[in-house]
Amino acid sequence: MSTENATILCNATRWPLMVDPQLQGIKWIKNREGDELKVIRLGQKGYLEAIERAISNGDCVLIENLEEDMDPVLDPVIGRNTIKKGRAIKIGDKDVDYSPSFRLILHTKLANPHYKPELQAQCTLINFTVTRDGLEDQLLAEVVSKERPDLEATKSQLTKQQNDFKITLKGLEDNLLSRLSAAEGNFLGDTELVENLERTKKTANEIEI
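Only a predicted model underlies this, so the values are computations on that prediction, with no experimental measurement involved.

Asks: Outline the pattern of salt bridges, supporting the account with residue identities and numerical values.
Replies: Counted by the stated rule, this structure contains nine salt bridges. For the salt bridge of Glu33 with Arg32, the shortest nitrogen-to-oxygen distance reads 3.0 Å. A relative accessible area of 14% places Glu33 in the buried class. Measuring nitrogen to oxygen at the nearest pair gives 3.1 Å for the salt bridge that ties Asp95 to Lys90. Its relative accessible area of 35% is what places Asp95 among the partly exposed residues. For Lys90, a relative accessible area of 39% gives the class partly exposed.

The structure is reproduced here in structure tokens:
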């Protein structure tokens, strides 16, 4: 499975939506989260009540095997449309206590799903589809891990470091764009903004090296 996909899945600021026709991603996340993960399928008996409990308790919920049509009652959850200063969320006609620890992971087996634009804007789409190149990389990694486990460990460490750099850079860029859009007049007078710009430039140069 792609280390980059796993990193994005664990660090995405929006709810991740896994496109996973070969079910590699869902096996990985179930193994990673263990018994703490609440696995739900839309339409199963009592699924809405299970989601409400998870939201209040701050659990991690995996909604698996999604089709292209989502239950509209979940729109506030997917859009994080909280009320009462972030302390609750409205599901149907019920105000549900909202824990900041709550996490949601969406999953589909569809190879080429077509979701409405609103859903795509509210989620981070992660494509776990196995390509020929990806399969070759996996097989090569298996061989190397058996023959030269030291090389495989080094490769995994470097890949994680590269992905961490990308996440850090993305955060700096988002912060920089936010400050630029809010800046008034001559932004060169904003010391923190200029320092952020220099920090972003330095980090980008380090990643290129």
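Asks: Would you mind going over the pairing of strand 7 (residues 103-108) in detail, with residue names and values included?
Replies: The buried fraction of strand 7 amounts to five of the six residues, a majority that puts the element mostly inside the structure. Here strand 1 (residues 15-19) runs beside strand 7; their pairing, made up of three bridges, is parallel. Note on strand 7: the bridge partner recorded for Val19 is Thr108. In terms of strand pairing, strand 3 (residues 60-63) meets strand 7 through four bridges, oriented parallel.

Asks: Before we move on, could you go through helix 1 (residues 3-11) and cite the residues and values that matter?
Replies: Among the residues making up helix 1, those that are buried are Asn5, Ala6, Thr7 and Leu9. Where the residues of helix 1 are buried, they touch strand 1, helix 2 (24-33), strand 7, strand 8 (123-127) and helix 7 (149-182).

Asks: Give a detailed account of the nonpolar core, specifying residues and quantitative values.
Replies: Counting 26 residues, the largest nonpolar core has Ile55, Phe102, Leu104 and Leu106 as its most contacted members. Elements that contribute at least two residues to this core include exactly strand 1, helix 3 (47-57), strand 3, helix 4 (75-78), strand 5 (88-91) and strand 7. Counting ten residues, the second-largest nonpolar core is a separate cluster that includes Leu9, Ile26, Cys60 and Phe128.

Asks: Give a detailed account of the packing of aromatic side chains, specifying residues and quantitative values.
Replies: Counted under the stated rule, the structure contains two aromatic pairs. An angle of 75° between the planes, with centres 5.6 Å apart, marks the rings of Trp15 and Phe102 as edge-to-face. Here Phe102 lies in the loop between strand 6 (94-97) and strand 7 and Trp15 lies in strand 1, a separation of 87 residues in the sequence. Aromatic side chains Tyr98 and Phe102 sit 6.1 Å apart centroid to centroid with 70° between the ring planes, which places their arrangement in the edge-to-face category. Through a chain of ring-to-ring contacts, three or more aromatic side chains come together here, namely Trp15, Tyr98 and Phe102. Above the ring of Trp15, the side-chain terminus of Arg80 is found at 3.6 Å from the ring centroid.

Asks: Describe the sheet that holds strand 2 (residues 37-40), naming the residues involved and giving the relevant values.
Replies: Read across the sheet, five strands follow the order 2-3-7-1-8 without closing on themselves; strand pairing throughout is parallel. If you trace the sheet from one side to the other, it starts and ends with strand 2 and strand 8, each paired once. When strand polarity is set aside, the average angle formed by the axes of neighbouring strands in this sheet is 20°. Bridge count between strand 2 and strand 3: four bridges; the pairing is parallel. Considered in strand 3, the bridge of Lys38 is made with Val61. The strands touched by helix 2 are strand 1, strand 2, strand 3 and strand 7; relative to strand 2, the strand with the most contacts, the crossing angle is about 140°.

Each value, and the rule that gives it
Chains are numbered independently. Their residues run from 1 in the order of the written sequence. Given that this is a predicted model, residues contribute local features only at a pLDDT of at least 70 and side-chain atom pairs are listed and counted only at 80 or more, while totals for whole chains, interfaces and linings are drawn from all residues. Note that the side-chain values use all heavy atoms of the structure and ignore hydrogens as well as water. Take a side-chain nitrogen of Lys or Arg and a carboxyl oxygen of Asp or Glu: if they are within 4 Å of each other, that pair is a salt bridge. To sort residues, take the accessible area from a 1.4 Å probe on protein chains only and compare it with the maximum for the residue type: under 20% means buried, over 50% means exposed, and anything in between is partly exposed. Runs of H or I in DSSP of at least four residues are treated as helices and runs of E of at least two as strands, each being numbered from the N terminus. By the convention used here, strands pair only if DSSP detects at least 2 bridges between them. Only heavy atoms enter the contact rule, under which two residues are in contact if any of them lie within 4.5 Å. Here, nonpolar core refers to any group of buried Ala, Val, Leu, Ile, Met, Phe, Trp, Tyr and Cys residues whose side-chain atoms link them within 4.5 Å. In this analysis, rings of Phe, Tyr and Trp, with Trp reduced to its six-membered ring, are considered paired at centre separations within 6.5 Å, and the interplanar angle assigns stacked below 30 degrees, edge-to-face beyond 60, and tilted for intermediate values. Two thresholds decide whether a charge sits over a ring: the Lys NZ or Arg CZ must be within 6 Å of the ring centre and within 35 degrees of the ring normal. For every element, the axis is a line fit to its C-alpha atoms; helices are fit only across the contacting stretch, and the angle between N-to-C directions ranges from 0 to 180 degrees.

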